[in-house]
Amino acid sequence: MADKEAGGGDSGSRETAPTSAYSSPARSLGDTGITPLSPSHIVNDTDSSVSEQQVFLVVVAIDFGTTSSGYAYSFTKEPECIHVMRRWEGGDPGVSNQKTPTTILLTPERKFHSFGYAARDFYHDLDPNEAKQWLYLEKFKMKLHTTGDLTMDTDLTAANGKKVKALEIFAYALQYFKEQALKELSDQVGSEFENSDVRWVITVPAIWKQPAKQFMRQAAYQAGLASPENSEQLIIALEPEAASIYCRKLRLHQMIELSSKAAVNGYSASDTVGAGFAQGDKYVVVDSGGGTVDLTVHQIRLPEGHLKELYKATGGPYGSLGVDYEFEKLLCKIFGEDFIEQFKIKRPAAWVDLMIAFESRKRAAAPDRTNPLNITLPFSFIDYYKKFRGHSVEHALRKSNVDFVKWSSQGMLRMSPDAMNALFKPTIDSIIEHLRDLFQKPEVSTVKFLFLVGGFAEAPLLQQAVQAAFGDKCRIIIPQDVGLTILKGAVLFGLDPAVIKVRRSPLTYGVGVLNRYVEGKHPPEKLLVKDGTRWCTDVFDKFISADQSVALGELVKRSYTPAKPSQLVIVINIYSAEHDSVSFITDPGVKKCGTLRLDLTGTSGAAVPARREIQTLMQFGDTEIKATAVDIATSKSVKVGIDFLNY
């Protein structure tokens, strides 16, 4: 395949002088209906001037988490000063509440009622029979990660078993944050704060696929944060990238180093870790949250502190939810799966209560703990169990052979520390295993620091496991306000989105094209004869390879010609694969993942030239894939849509 050079075989030259990676723009190739095989990258200077036009007074970042959410903001005039949102009403014993639970309540008529602690408390206080009519949702963000065929119509299931459109729920939640933030900003400045003065940033896991990112953007448009016409007003930020941006600015007194072996290498307390960062230092950010764990590897380029991604983002669904899931499995083992399923449906509010009680005990788990942990069972659990089974909860515990969970006379489940640690084990093992794989990669072998961030990073059991496994390889550091790291970093990213200069593409992307048929090289079943010319069909024309470095603003340029001069819309299918050795779109592992749609209406002058050439420019170096197009004959820009959701 002639397009191997697209992979940028030797990235050495690229590191020192980013410009050397760009070949000269492609000359107009003989037949523009066929895509040139070696992609041409060009530096894009036009884009930066466009985004400068709009001046925002404030950047507001929303960390929309699986288990908890929040926002923070900074006025562009004082970028150093990041305000984390006001304290929330409500709150739980044993849980600090700078963020609010990601829970939402809709009325029986499916109208938005409340969010966060307010939603939970109100739902909890409803009469059980009435509660069944209300729609209560929690931990719903994971649905975007686990749904393979996400669309605008994907459903979520509320606690009472009823279905609602995911897009509506996400839009309601974002609208809630928009209103809270604008209210707080209005109070700060003493007058009505306009949405048009805000640049919004929403964080998503780096391992999310394009459709999920586009889904978030659609929900934000529906919530009125920005609009398709003014898409620049909203930036999608990747959670571990945000954490990374924050971590490189940390001062030493703002973090805890897990290994005692490094006596903070003689830096004074006012130094930043940046002072501990030498030019070219590499570090891993492990962002462990409620739903997912995201791993990113960055290298710092001084003096500006620009960041470069060294290996594509990896991770998986190994968040703290895994611990809740193990607890649920334990309950099923003791009380029977049939009972637990029924109890969730019949007493949804009590089930929520039980999980809240577990949450605060979960946070008390620690490697050196010796005394048992008590979890209060809601009265209706005890009561309903007796009705359901005809014997007591106490009897069930005695009968089940789970010996490390006992019944205490105060009406509690008493768990030994070992029992609690066992609930953490599968999730923590998955995280450690994933990190082990990552450290095997040559790009990662010389990493100096490992930052542990995200809500789950507060768990001493996880801290200990990471320290034990990797403490001899690098310095393991936890920022002090670990749960707010992503939020603060996302604000910094919104103030300067160009701080991450080089990313890695998570997948190989390309389109199917026709090439001249070469006897002996191309398989006979791909031969197509058209007007006497022999073509090879289904050739995969690669835009970019998995794990290839892409600089911010680097463009992949292609030209397309409509099949008939009168054609007004060109729709091109985009394909992706996880590996980069792809020759045909029919190869195993190649999936259709989206469309590129060129709208040619209104671009032609009076006389349509016999052959029109539409030049498409695609950008892969940002947090989202973007495209622009231009009609070469008229140099008018062509309306282009790149769609990973509705194709």
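Residues numbered from 1 in each chain as written. Predicted model: local features only at pLDDT ≥ 70, side-chain atom pairs only at ≥ 80, totals over all residues. Heavy atoms only, no water.

Attention now moves to the nonpolar core. With 93 residues, the main nonpolar core has Val 284, Phe 335 and Leu 450 as its most contacted residues. The element best represented in this core is helix 15 (residues 417–440), accounting for 10 residues. If we skip the residues at most four places from it in the chain, Phe 335 touches Ile 340, Phe 381, Tyr 385, Arg 389, Val 393, Ala 396 and Leu 413. Judged by nonpolar contacts, the second largest core, of 52 residues, contains Tyr 172, Val 198, Ala 212 and Tyr 221. (Core = buried A, V, L, I, M, F, W, Y, C linked by side-chain atoms within 4.5 Å. Buried < 20%, exposed > 50% of the residue type's maximum accessible area, 1.4 Å probe, protein only. Helix = DSSP H or I, 4+ residues; strand = E, 2+ residues; numbered from the N terminus. Contact = heavy atoms within 4.5 Å.)

Taken together, the 3 strands give an open sheet; going across it, the order is 17-19-18, and neighbouring strands pair in antiparallel fashion. Taken across any chain shown, the strands that pair with only one partner, and hence form the sheet edges, are strand 17 (373–376) and strand 18 (405–408). In this sheet, neighbouring strand axes are inclined to one another by 30° on average, regardless of whether the strands run parallel or antiparallel. Pairing of strand 17 with strand 19 (residues 412–415) involves 4 bridges; the strand directions are antiparallel. Residue pairing across strands places Asn 374 opposite Arg 414, the latter belonging to strand 19. Strands strand 17, strand 18 and strand 19 of the sheet are contacted by helix 10 (residues 321–335), whose axis makes an angle of about 110° with strand 19. In the packing of helix 15 onto the sheet, contacts are made with strand 17 and strand 19, and the angle to strand 19 comes to roughly 85°. (Pairing = 2+ DSSP bridges. Axes fitted to C-alpha atoms, helices over the stretch in contact; angles between N-to-C directions.)

Let us now look at the environment of Ser 244. Mapping Ser 244 onto the fold places it in helix 8 (residues 239–247). Ser 244 sits 209 residues away from Val 453 along the chain, and the two C-alpha atoms are 9.2 Å apart. Each residue touching Ser 244, except ones within four places of it in the same chain, is listed here: Tyr 283, Val 285, His 298 and Leu 307.

What follows concerns unusual backbone geometry. The phi dihedral of Arg 110 is positive, around 70°, even though this residue is not glycine. Tracing the backbone through its elements, the reader meets Arg 110 in the loop between strand 6 (103–106) and strand 7 (112–115). Phi is positive for Asp 547, close to 65°, though the residue is something other than glycine. Counting through the fold element by element, Asp 547 comes out in the loop between strand 25 (533–544) and strand 26 (549–551). The exposure class assigned to Asp 547 is buried, which follows from its relative accessible area of 16%.

Here we take up the pattern of salt bridges. Taken as a whole, this structure holds 25 salt bridges when the rule is applied. Lys 387 is paired through a salt bridge with Asp 383; the nearest N and O atoms lie 3.1 Å apart. Placement of the pair is Lys 387 and Asp 383 together in helix 13 (residues 379–389), with a separation of 4 residues, close to one helical turn. A residue is classified by how much of its surface remains accessible, and Lys 387, at 60% relative accessible area, is exposed. We classify Asp 383 as partly exposed; its relative accessible area is 30%. Salt bridges sharing common partners tie together Lys 139, Asp 324, Glu 359, Lys 362, Arg 363 and Glu 458. (Salt bridge = Lys/Arg side-chain N within 4 Å of Asp/Glu carboxyl O.)

Attention shifts here to the confidence of the model for the protein. Here the protein averages 85 in pLDDT, and 85% of its residues register 70 or above. Averaged pLDDT values for the elements of the protein fall to 32 in helix 1 (residues 12–16) and rise to 97 in strand 11 (residues 198–204). Counting interchain partners and residues more than four positions distant, the pLDDT-below-50 stretch residues 1–52 has 79 contacts. Of the regions scoring below 50 in pLDDT, residues 261–271 engages in 18 contacts with residues more than four places distant in sequence or in other chains. (pLDDT = per-residue confidence, 0-100.)

Moving on, we come to helix 8. Here helix 8 lies mainly inside the structure; 9 of its 9 residues are buried. Regarding helix 8, the residues found buried are Glu 239, Pro 240, Glu 241, Ala 242, Ala 243, Ser 244, Ile 245, Tyr 246 and Cys 247.

The subject of this paragraph is the environment of Met 420. Tracing the sequence through the fold places Met 420 in helix 15. Taking the C-alpha atoms as reference, Met 420 lies 9.0 Å from Pro 372; in sequence the two are 48 residues apart. Apart from residues lying up to four places away in sequence, Met 420 is in contact with Phe 358, Arg 361, Lys 362, Ala 365, Leu 373 and Met 415.

On to the sheet that holds strand 21 (residues 475–479). As summarised here, the arrangement of the 8 strands in space is 13-21-20-14-15-16-22-26, forming an open sheet in which the pairing is mixed. Where the open sheet ends on each side, the last strands, each with one partner, are strand 13 (255–257) and strand 26. Along the sheet, successive strands turn relative to each other by an average axial angle of 25°, direction set aside. In this structure, strand 22 (residues 500–504) lies alongside strand 26, joined through 3 bridges in antiparallel fashion. Considered in strand 26, the bridge of Val 502 is made with Ala 551. Strand contacts of helix 16 (residues 460–470): strand 14 (282–288), strand 20 (449–453) and strand 21, with the helix running at about 160° to strand 21, the strand carrying the most contacts.

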